[in-house]
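# A closer look at the structure
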Amino acid sequence: MHEPGHANQFTLMKKKRFAPFFWTQFFGAFNDNLYKNALILLIAYQTASAVSSDILINMAAGLFILPFFLFSATAGQIADKMEKSRLIRQIKLVEIGIMVCGAGAFYFNNTPLLMLLLFLMGIQSAFFGPVKYSIIPQHLSEQEIIGGNALVEMGTFLAILLGTLVAGILVQLDGGRLLIAVSIVCFALAGWMASGWIPLARAASPDLSINWDPLSQTAKTLSFARKDRVVFLSILGISWFWFLGASYLTQIPNFTKTVLCGSESVVTLLLALFSIGIGAGSLLCEWLSGKKVEYGLVPIGSIGLSIFGIDLALSCPLEHTGALSTLSGFLTAPGSLHVLIDFILIGIFGGLYIVPLYALVQMRSEETVRSRIIAANNILNALFMSVAAVFGAVSIGMAGLAIPLFFLVLAIMNIAIAIYIYTLVPEFTMRCLVWIITHLFYRIRHTNLDRIPTDGPALIVCNHVSYMDALILSSLCRKPVRFVMDHTIFKIPLLNFIFRTAKAIPIAGKKKNPKIYTRAFESIADALDNGDIVCIFPEGRLTPDGEIGVFKNGVTAILERNPVPVIPTALSGLWGSFFSHKHGPAMMGLPRRFFSRVWFHVGAWVPPEQATPDILKSRVAELRGDIA
């Protein structure tokens, strides 16, 4: 679904309001992973210590994640209180100082200092996290939010992958410590230089008084997130994704060694495919969502995560001889392609799952507390990743569960979590069904969609061609729309679930059922009073001949009670579909066409005092043109 000629997400990389921020966060993520993985590899292979390398490696992971528990709440307050571009530059200056010290520690092989600096890096990342996601809605329009988040997620996982790979390469080179030292300082400087171009982003709560007590403020920060149930459940969904991601990424090395009998190069390939998959899935979100926050993609993502997680578990082990195979040997082994496809598809569906959730949290959060809500997300993400580490250690290390069975357990848990969340918030399931139905039957194009407001009440009027009309409009509008529809359509199986969840308003003729008629107009008035957008089909029925029928006086009655702007719209291309009356009663027989092209046109607003039925019909007919 798109508007012809509208730029895609990659044009943001040419915009000053996005590109400097993108490269700032990209260099930061790259540097974090270069430093952390170089340290872990040096501990594992080149550091002589009285302390076990296993203990040191796990201690390193804990030191990096601990600051997210301790300082995220404070970081969220500061991000809400300060102008964000200045705050980012200050955080990047701190990173330069840490990396200069880290360069010396790497060069002189000072492991205790490297561990301390890793903890300081965690603090720096904890302070960057809230401002990273809260600045996006300040610099991007609503239709750019999905594309911006997609690029950030793609960049983050690409940076993680590249940082991991470069660390592995540099550690093995002669003079590797010096190269690592130079690299981490250079990339810290690159991030700081990029941050200098980030435009101003005003403080959301400049008068906020900072609470420096981490315990009480953490509880308060989490309470902010819980005020909006959809936001909080979205945060839990994001945290669950990081639980899954941490579980998969942690087990990939041992999975490759003990199950696939692959060498280190196979580990690198699987990590690369997983990261590339997430990046690709993230970038697909804008195209699939029509440049709006389409949380109907979230259930699709979770379904894919479960299906291919189960498939990965059942496709192992591969046949092997017992010796570790090289990359070429693995690729020629029976079943290897199956495993590779599973990993990249898990990544793709992970991207489809995570990007709309991040965008939903950003858009549904109040600007004055948005950074604190992002901080709550970071706290829960850290908690879930910590639990994932414990869960993996207990399941595999203590209970002796085979890694493929562990992957199967993760997939089954994902199904259970998805059912739980989508039961509590049926809007996810409703939007998913709408997305699937509209994309199965139609290729939808639209013009002037930005004329439909995202704030304040308005009345949309549209011609009525098929039973799909309301679903098509709801799939396009960025703000939820309250549809007024014939009560018989409202009762259609499956569609009834969608209409109920979308809070559609059933209506009947005044003579046929005066009770439903009266209640409908009361509901319309209440919706407009609450600032909702209401859509009516003034013909009162599906067209029997493809022509636009007489507009009834219901629109006049609505505007007498609530004089709001009226937005004329028109659908074309639906006449002759399975859901129209062209070939007899709708939905009888078999569908005759799929992926047919449908147009949705939005006209200029009509003031309420000018919005007579005849004028509105004329506007709608003009928008529709000759194609029914």
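Keep in mind it's a predicted model, so treat the numbers as computed, not measured. (Residues numbered from 1 in each chain as written. Predicted model: local features only at pLDDT ≥ 70, side-chain atom pairs only at ≥ 80, totals over all residues. Heavy atoms only, no water.)

## Some thoughts on the overall build of the chain
Regarding its fold elements, the chain presents 22 helices and seven strands. Relative to the globule expectation of 25 Å for 628 residues, the C-alpha radius of gyration of the chain, 27 Å, shows essentially globular dimensions. Projected onto its principal axes, the C-alpha coordinates of the chain cover approximately 90 × 60 × 40 Å. Taking as baseline every contact in the chain between residues at least 6 positions apart, the subset at least 24 positions apart corresponds to 83%. Looking at the chain as shown, the accessible area adds up to about 26200 Å², and 65% of this sits on carbon and sulfur atoms. The chain carries 48 positive and 38 negative side-chain charges, and their two centres are separated by 3 Å. (Helix = DSSP H or I, 4+ residues; strand = E, 2+ residues; numbered from the N terminus. Rg over C-alpha atoms; globule rule 2.2 N^0.38 Å. Contact = heavy atoms within 4.5 Å. Areas by Shrake-Rupley, 256 points an atom, 1.4 Å probe, with all protein chains shown as cover. Lys, Arg positive; Asp, Glu negative; His and termini not counted. Charge placed at Lys NZ, Arg CZ, Asp CG, Glu CD.)

## So, the environment of V339
For V339, the position within the fold is in helix α13 (residues 336-364). The exposure class assigned to V339 is buried, which follows from its relative accessible area of 0%. (Buried < 20%, exposed > 50% of the residue type's maximum accessible area, 1.4 Å probe, protein only.)

## Here we look at the layout of surface pockets
Counted as a void, the second largest pocket has a volume near 1000 Å³. When residues of the lining of the second largest pocket are assigned to their parent elements, the largest contribution, four residues, is made by helix α16 (residues 426-441). Broken down by class, the residue content of the lining of the second largest pocket amounts to 12 nonpolar, four polar and 12 charged. Shared between two domains, the lining of the second largest pocket holds at least three residues of each, these being domain 2 (223-424) and domain 3 (437-624). (1 Å grid on protein atoms, 1.4 Å probe; cavity = no way out; pocket = protein on both sides within 12 Å on 5 of 7 lines; lining within 4 Å. Points joined across faces, edges and corners; volume = space filled by probe spheres on them. Nonpolar A, V, L, I, M, F, W, Y, C, P; charged D, E, K, R; others polar. Domains from an automatic or database assignment.)

## Observations concerning the domain arrangement of the chain
Parsing the chain into structural domains produces domain 1 (15-212), domain 2 (223-424) and domain 3 (437-624). Taking the mean C-alpha position of each, domain 1 and domain 3 sit 49 Å from one another.

## Topic: the sheet that holds strand β4 (residues 505-507)
Strand-to-strand pairing in sheets goes through backbone hydrogen bonds, with the strands running parallel or antiparallel. One open sheet holds the seven strands; their spatial order is β1-β7-β6-β2-β5-β3-β4, and the pairing between them is mixed. Edge positions in the sheet fall to β1 (442-447) and β4, since each has one partner strand and no second. Strand after strand, the sheet turns through a mean of 25 degrees between neighbouring axes, direction not considered. Against the sheet, helix α17 (residues 469-476) engages β1, β2 (458-462), β3 (481-486), β5 (533-536), β6 (566-572) and β7 (596-602), with an angle of about 60 degrees to β1. Together, β2, β5 and β6 form the strand contacts of helix α21 (residues 554-561), whose direction differs from that of β2 by roughly 175 degrees. (Pairing = 2+ DSSP bridges. Axes fitted to C-alpha atoms, helices over the stretch in contact; angles between N-to-C directions.)

## Overview of a nonpolar patch on the surface
Judged by side-chain polarity, L93, L189, W192 and M193 come together as a nonpolar surface patch covering roughly 390 Å² of accessible area. If you tally residues by element for the nonpolar patch, the top one is helix α7 (residues 176-195), at three residues. Looking at W192, the relative accessible area reads 34%, which means it is partly exposed. (Patch = residues over 30% accessible without salt bridge, like charges linked within 9 Å, V, L, I, M, F, W, Y side chains within 5 Å. Salt bridge = Lys/Arg side-chain N within 4 Å of Asp/Glu carboxyl O.)

## Notes on the pattern of salt bridges
All chains considered together, the criterion is met by nine salt bridges. In this structure, D529 engages R561 in a salt bridge whose closest nitrogen and oxygen atoms are separated by 3.1 Å. Of this pair, D529 sits in helix α20 (residues 514-529) while R561 sits in helix α21; the two residues are 32 residues apart in sequence, bridging distant segments of the chain. Accessibility expressed as a relative area gives 46% for D529, which makes it partly exposed. The closest approach of N and O atoms between E547 and R624, which form a salt bridge, is 4.0 Å. Taken as a pair, E547 in the loop between β5 and α21 and R624 in helix α22 (residues 613-624) lie far apart in primary sequence, 77 residues in all. By relative accessible area, R624 is classed as buried at 11%.

## Some thoughts on the side chain of S125
Mapped onto the elements, S125 comes out in helix α4 (residues 111-134). Owing to a relative accessible area of 11%, S125 belongs among the buried residues under this scheme. Leaving out residues up to four positions away in the same chain, S125 has contacts with D32, F64 and F68.

## Things to note about α21
Of the residues making up α21, those classed as buried are V555, I558 and L559. Projection of α21 onto a plane perpendicular to its axis shows the buried side chains occupying an angular sector of 95 degrees, all on one side. Buried residues along α21 sit against β2, α20, β5, β6 and α22. (Arc of directions from axis to C-beta.)

## Observations concerning the packing of helix α9 (residues 229-259) against helix α14 (residues 370-398)
Two elements in contact, α9 and α14, have axes whose closest approach is 8 Å; the angle formed by their N-to-C orientations is 40 degrees. Along this stretch, α9 crosses α14, giving a crossing that reads as right-handed. Along its contact with α9, which presents V231, F232, I235, L236, I238, S239, W240, W242, F243, A246, S247 and Q251, the element α14 presents I373, N377, L380, N381, F384, M385, V387, A388, F391, G392 and I396. Residues of the contact of α9 with α14, tallied by class, amount to 17 nonpolar, six polar and no charged. (Left-handed = near helix turned anticlockwise from the far one by under 90°.)

## Regarding the nonpolar core
Y35, F106, F255, L270, L312 and F407 are the most contacted members of the largest nonpolar core, which totals 136 residues. In terms of residue count, the dominant contributor to this core is α9 (16 residues). Here this core spans two domains, and each of domain 1 (15-212) and domain 2 (223-424) adds at least three residues to it. Those residues in contact with F255 that sit more than four places away from it in its chain are L260, L270, L312, C316, F343, I403, P404 and F407. One finds A470, F483, I533 and F579 within the second-largest nonpolar core, a separate group that totals 43 residues. (Core = buried A, V, L, I, M, F, W, Y, C linked by side-chain atoms within 4.5 Å.)

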